[in-house]
Amino acid sequence: MTNAVDEMRAKTLFDVIKEPCGMDTILSTENLCRDFKIGDGSVVNALKNINIEIEKGKLTILRGRSGSGKTTLINILGALDKPTKGKVMFGGRDITRLSERARDDIRRYKMAFVFQSVALMSGMTAYENVDFGLRLAKYPYEERDKRTRECLRSVGLEKRMFHRPGEMSGGEQQRVAIARAIAHKPDIIFADEPTAELDTATALHVVKLFKELVARDEMTIIMTTHDPSMIDIADKVYTLEDGEIVE
Ligand SMILES: Nc1ncnc2c1ncn2[C@@H]1O[C@H](COP(=O)(O)OP(=O)(O)O)[C@@H](O)[C@H]1O
Ligand SMILES: [Mg+2]
């Protein structure tokens with residue numbers, strides 16, 4: 001099925017996305033390092049020689065204490081930041097070497113992000129929040145209504161479609177954010193501590209929803225957490241300690 005969005009993707013990504021690197025690896029890093037220079041002239045080695053592989057169609061969790069480097073790593077994986085050294089391979093290409101334009105395209109069409117604090121538009125209903133994302137992605141009008149309803153249904157919010165964020169619980173708001181993230185059918189979803197502001201039961205619901213999206217819709221999801229109770233649900237867990245992956 002082709003539509004305007006697919007055509008645009010084909011055009012802008014024609015030379016960007018080649019064959020996947022391995023059969024099942026969508027994203028991987030090679031000797032990734034990230035240093036931050038701070039005010040007093042000293043350097044923080046936030047990531048040290050990270051080598052990981054993210055498998056397609058799986059839920060991967062990056063766990064670690066606060067300050068261990070989770071946000072730094074997920075931001076680099078999601079092309080929001082660049083490493084000081086090393087590579088990030090996405091779809092067989094080192095995306096750290098691409099132009100900002102190409103990195104923008106990859107982020108916009110191939111990736112999606114869910115954050116700790118739910119960034120919904122407070123004046124818009126759940127439906128309008130999801131639809132807004134599709135409008136930004138230039139989805140044609142005829143497809144938007146169908147896709148918006150489909151996504152809200154798949155996160156279990158068909159009954160809350162016309163509620164505003166203020167009329168929903170924290171867990172429901174995070175589910176709207178997830179519906180918005182999956183709406184443009186990204187290849188991979190990045191979620192940085194998506195459960196940190198939720199109580200344990202609600203947090204588990206959100207992670208189970210991720211698991212369902214992976215199992216049912218073959219999505220690829222990578223999330224960070226400092227909460228050890230989440231990790232049983234993951235297909236793969238990487239543990240970060242002081243910027244390093246440990247067993
Ligand atoms: N922009 C920055 N400037 C300086 N230091 C940073 C910056 N971002 C992160 N750091 C440092 O890098 C380390 C890892 O941070 P972060 O990735 O945010 O950890 P986590 O998400 O696991 O809590 C911390 O020591 C943090 O202080
Ligand atoms: Mg963090």
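As the structure is a computational prediction, the values presented were derived from the model and not from experiment. (Residues numbered from 1 in each chain as written. Chains lettered and ligands numbered in written order. Predicted model: local features only at pLDDT ≥ 70, side-chain atom pairs only at ≥ 80, totals over all residues. Heavy atoms only, no water.)

Our next topic: the UniProt feature "domain: ABC transporter" (unreviewed entry) in the chain. Under the local residue numbering, the UniProt record ascribes the feature "domain: ABC transporter" (unreviewed entry) to residues 27–247. From the first C-alpha to the last, residues 27–247 spans 20 Å; its make-up is 34% helix and 26% strand. (UniProt positions renumbered as here; feature names shortened; annotations may be inferred. Helix = DSSP H or I, 4+ residues; strand = E, 2+ residues; numbered from the N terminus.)

Take the sheet that holds strand β10 (residues 236–241) next. Taking strand neighbours across the sheet as the criterion, the 6 strands line up as β7-β8-β9-β4-β10-β11 in an open arrangement whose pairing is mixed. Here the strands that pair on one side only, and so sit at the sheet edges, are β7 (111–114) and β11 (244–246). Ignoring strand direction, the axes of neighbouring strands in this sheet form an average angle of 25°. Pairing of strand β4 (residues 59–63) with β10 involves 4 bridges; the strand directions are parallel. Across the sheet, L62 pairs through a bridge with Y238, a residue of β10. Along the sheet face, helix α3 (residues 100–110) touches β7 and β8 (188–192) and points at about 70° away from the line of β7. Packing of helix α7 (residues 200–217) onto the sheet brings it into contact with β4, β8 and β9 (221–225), and relative to β9 it is tilted by some 160°. (Pairing = 2+ DSSP bridges. Axes fitted to C-alpha atoms, helices over the stretch in contact; angles between N-to-C directions. Contact = heavy atoms within 4.5 Å.)

Next up on the list: the site of ligand 1. Residues in contact with ligand 1, as listed here, are F36, I38, A46, R65, S66, G67, S68, G69, K70, T71 and T72. K70 places a side-chain nitrogen or oxygen 2.8 Å from an oxygen atom of ligand 1. Taking T72, its side chain carries an N or O atom lying 2.5 Å from an oxygen atom of ligand 1. For ligand 1, the accessible surface in isolation is 560 Å², of which the surrounding protein chains cover 61%. Looking at the shell around ligand 1, the element that brings in the most residues is helix α2 (residues 70–77), giving 3 residues. Here the shell around ligand 1 is composed, by residue class, of 3 nonpolar, 6 polar and 2 charged. (Near = heavy atom within 4 Å. Polar contact = N/O pair within 3.5 Å; in protein donor to acceptor, adjacent residues only side chain to side chain. Areas by Shrake-Rupley, 256 points an atom, 1.4 Å probe, with all protein chains shown as cover. Nonpolar A, V, L, I, M, F, W, Y, C, P; charged D, E, K, R; others polar.)

Within β4, 4 of the 5 residues are buried, which leaves the element mostly enclosed by the surrounding structure. Judged from the 5 bridges that link them, β4 and β9 form a sheet pairing that is parallel. Residue pairing for β9: T60 is matched across the bridge by I222. (Buried < 20%, exposed > 50% of the residue type's maximum accessible area, 1.4 Å probe, protein only.)

According to the stated counting rule, one finds 18 salt bridges in the structure shown. For K211, the salt bridge goes to D235, with nearest N and O atoms at 3.0 Å. Here K211 is found in helix α7, whereas its partner D235 is found in the loop between β9 and β10, with 24 residues between them in sequence. Residue classification places D235 among the partly exposed positions, given a relative accessible area of 36%. Each of K82, E100 and R103 takes part in salt bridges that share partners, so that together they form one network. (Salt bridge = Lys/Arg side-chain N within 4 Å of Asp/Glu carboxyl O.)

Moving on, we come to helix α6 (residues 170–182). For α6, built from 13 residues, the straight-helix expectation of 18 Å at 1.5 Å per residue is met to within 8% by its first-to-last C-alpha distance of 19 Å. Against β7, α4 (126–136), α5 (141–154), β8 and α7 lie the buried residues of α6. (Expected span 1.5 Å × (residues − 1).)

This paragraph deals with α5. An α-helical segment advances 3.6 residues per turn. Residues three or four places apart therefore align on the same side. For α5, spanning 14 residues, the distance from its first C-alpha to its last is 20 Å, which sits close to the expected 20 Å at 1.5 Å a residue. Along its buried surface, α5 packs onto α4, α6 and α7.

Glancing now at the nonpolar core. Formed by 41 residues in total, the largest nonpolar core has its most connected members in L59, L152, I178, F210, L213 and I221. Sorting the residues of this core by element identifies β4, β7, α4, α5, α6, β8, α7 and β9 as the ones contributing at least two each. In this view, L152 contacts A126, Y127, V130, L157, E158, M161 and A179; residues no more than four positions away in its chain are not counted. L62, I74, A79 and I222 belong to the second largest nonpolar core, which has 25 residues in total. (Core = buried A, V, L, I, M, F, W, Y, C linked by side-chain atoms within 4.5 Å.)

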